[in-house]
Amino acid sequence: GAVVSQHPSRVICKSGTSVKIECRSLDFQATTMFWYRQFPKQSLMLMATSNEGSKATYEQGVEKDKFLINHASLTLSTLTVTSAHPEDSSFYICSVGQEETQYFGPGTRLLVL
Amino acid sequence: QKEVEQDPGPLSVPEGAIVSLNCTYSNSAFQYFMWYRQYSRKGPELLMYTYSSGNKEDGRFTAQVDKSSKYISLFIRDSQPSDSATYLCAMILNQAGTALIFGKGTTLSVSS
């Protein structure tokens, strides 16, 4: 299956700052990538579907102006959390769509102070 | 009713036990079924991937799909402490690029 990396693995930032998380597909050209958020002891919540070269499709309740997604190439998608607040602290995970399944990155833990 | 139901557990078993994890779903249009394993603070890892009803075996793991009952299972034989993790079932319609629908995940603890 596809190998997916994320950077950084962990980030701590001050409230009001912006944080960028990168998701890379290392061995597969991904036309579709997904971004999820996971709170402690809960399942993954899909935030948005990112298609290369077009605008991301956001799930209901996810603010597109706060969570900026860019999928500029077939191997890289970025999620920028703008003006982060403590309630944005979470585990953010990306995945790459390959055929009818998905392969996940290792996740990025964001802590907003 | 949620699309995918999964008992969150926790489920505790001794080493060597056979573990049965299950999910039910409501949308008969689901075609592809997956089981992911997630260790704490890590991304989910794809364990098994099946299409249509039937069984699929991979080492100590067996995935079973019963589309008539809308029920899927994952069996783990000879369970090991390293199997302790959260197991998520997931399913998808028949279109690549469509989002996965996840169960809540079952937390499994295997004691030595």
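Structure's up top.
Values in this document were obtained by computation on a predicted structure and should not be read as measured data.

Colleague: Break down the overall build of chain B for me, with residues and values.
Modeller: When helices and strands are counted, chain B shows 0 helices and 11 strands. Starting at the N terminus and ending at the C terminus, chain B contains elements arranged as β-β-β-β-β-β-β-β-β-β-β. Computed over its C-alpha atoms, the radius of gyration of chain B comes to 13 Å, within 12% of the 13 Å expected for a compact globule of 112 residues. Evaluated residue by residue, chain B yields a buried proportion of 42% over its 112 residues.

Colleague: Provide a residue-level description of unusual backbone geometry, including the pertinent values.
Modeller: Here the residue pair A:H7 and A:P8 is connected by a cis peptide bond, since its omega of 0° sits within 30 degrees of zero. Mapping A:P8 onto the fold places it in the loop between β1 (4-7) and β2 (10-13). With an omega dihedral of 10°, the bond running from B:G9 to B:P10 counts as a cis peptide bond. Of note, the phi angle at A:S83 is positive, near 45°, even though the residue is not glycine. On the secondary structure map, A:S83 appears in the loop between β8 (76-81) and β9 (90-98). Of note in the backbone geometry, B:D78 takes a positive phi value of approximately 45° without being a glycine. Assignment of secondary structure puts B:D78 in the loop between β8 (71-76) and β9 (85-92). Given the relative accessible area of 42%, B:D78 is considered partly exposed.

Colleague: Talk me through the sheet that holds strand β6 (residues 54-58) of chain B; I want residue IDs and the actual numbers.
Modeller: Two orientations exist for strands paired in a sheet by backbone hydrogen bonds: parallel and antiparallel. Residues and elements named next belong to chain B. One open sheet accounts for 5 strands, arranged β1-β3-β8-β7-β6; its pairing is antiparallel. Strand pairing shows two members of the sheet lacking a second neighbour, β1 (4-5) and β6, which therefore form its edges. Direction of pairing for β6 relative to strand β7 (residues 61-66): antiparallel, over a ladder of 5 bridges. Looking at β7, one finds that E57 is bridged to T62.

Colleague: Explain the pattern of salt bridges to me, using residue names and the numbers behind them.
Modeller: Residue and element names in this part refer to chain B. Applying the stated rule across the entire model yields 5 salt bridges over all chains. Across the pair R37 and E45 runs a salt bridge, and its minimum N-O distance is 3.0 Å. Take R37: its relative accessible area is 12%, and that puts it in the buried class. Two residues, R60 and D83, come together in a salt bridge whose shortest N-O distance is 2.8 Å. Here R60, found in the loop between β6 and β7, pairs with D83, found in the loop between β8 and β9; they are 23 residues apart in sequence, far enough to count as distant. Overall, R60 belongs to the partly exposed group, its relative accessible area being 26%.

Colleague: A description of the environment of A:T82 should follow, citing residues and the corresponding values.
Modeller: Residue and element names in this part refer to chain A. With respect to the helices, strands and loops of the structure, T82 is situated in the loop between β8 and β9. Residue class for T82 comes out buried when judged on its relative accessible area of 18%. With 65 residues separating them in the primary sequence, T82 and T17 have C-alpha atoms 6.7 Å apart. The contacts of T82, once residues within four sequence positions are left out, are T17, S18, D65, K66 and L68. One polar contact links the side chain of T82 to the main-chain carbonyl oxygen of D65, over a distance of 3.2 Å.

Colleague: Outline the interface of chain A and chain B, listing residues and values.
Modeller: Taken together, the contact pairs 19 residues of chain A with 20 residues of chain B. Here chain A and chain B share an interface that buries about 1500 Å² over both sides, 59% of which is from carbon and sulfur atoms. The tally of links from chain A across to chain B stands at 0 salt bridges. Broken down by class, the residue content of the side of chain A that touches chain B amounts to 9 nonpolar, 7 polar and 3 charged.

Cut-off values and rules
- Note on numbering: residues in each chain are counted from 1, in written sequence order.
- To read the labels, note that chains go from A and ligands from 1, taken in the order they are written.
- Totals for whole chains, interfaces and linings use every residue, but because this is a predicted model, local features are given only for residues with pLDDT of at least 70 and side-chain atom pairs only at 80 or more, for both listing and counting.
- Side-chain measures were taken over the full set of non-hydrogen atoms in the model, leaving aside hydrogen atoms and water.
- Only DSSP runs of H or I with at least four residues qualify as helices, and only runs of E with at least two residues qualify as strands; both kinds are numbered from the N terminus onward.
- Every radius of gyration here is taken over C-alpha atoms, with the globule rule written as 2.2 Å times N^0.38, N being the number of residues.
- Burial classes: relative accessible area under 20% of the type maximum marks a residue as buried, over 50% as exposed, and values in between as partly exposed (1.4 Å probe, protein chains only).
- Think of it this way: DSSP has to see at least two bridges between two strands before they count as a pair.
- By definition, a salt bridge exists where a carboxyl oxygen of Asp or Glu is found within 4 Å of a side-chain nitrogen of Lys or Arg.
- Residue contacts are counted whenever heavy atoms from the two residues lie within 4.5 Å of one another.
- Here a polar contact means two N or O atoms within 3.5 Å. Within protein one must be a hydrogen donor candidate and the other an acceptor candidate, and residues neighboring in sequence count only if both atoms are side-chain atoms.
- Two parts placed together each lose some accessible area; with a 1.4 Å probe, that loss summed over both constitutes the buried area.
- Under the scheme applied, nonpolar residues are Ala, Val, Leu, Ile, Met, Phe, Trp, Tyr, Cys and Pro; charged residues are Asp, Glu, Lys and Arg; polar residues are all the others, including Gly.

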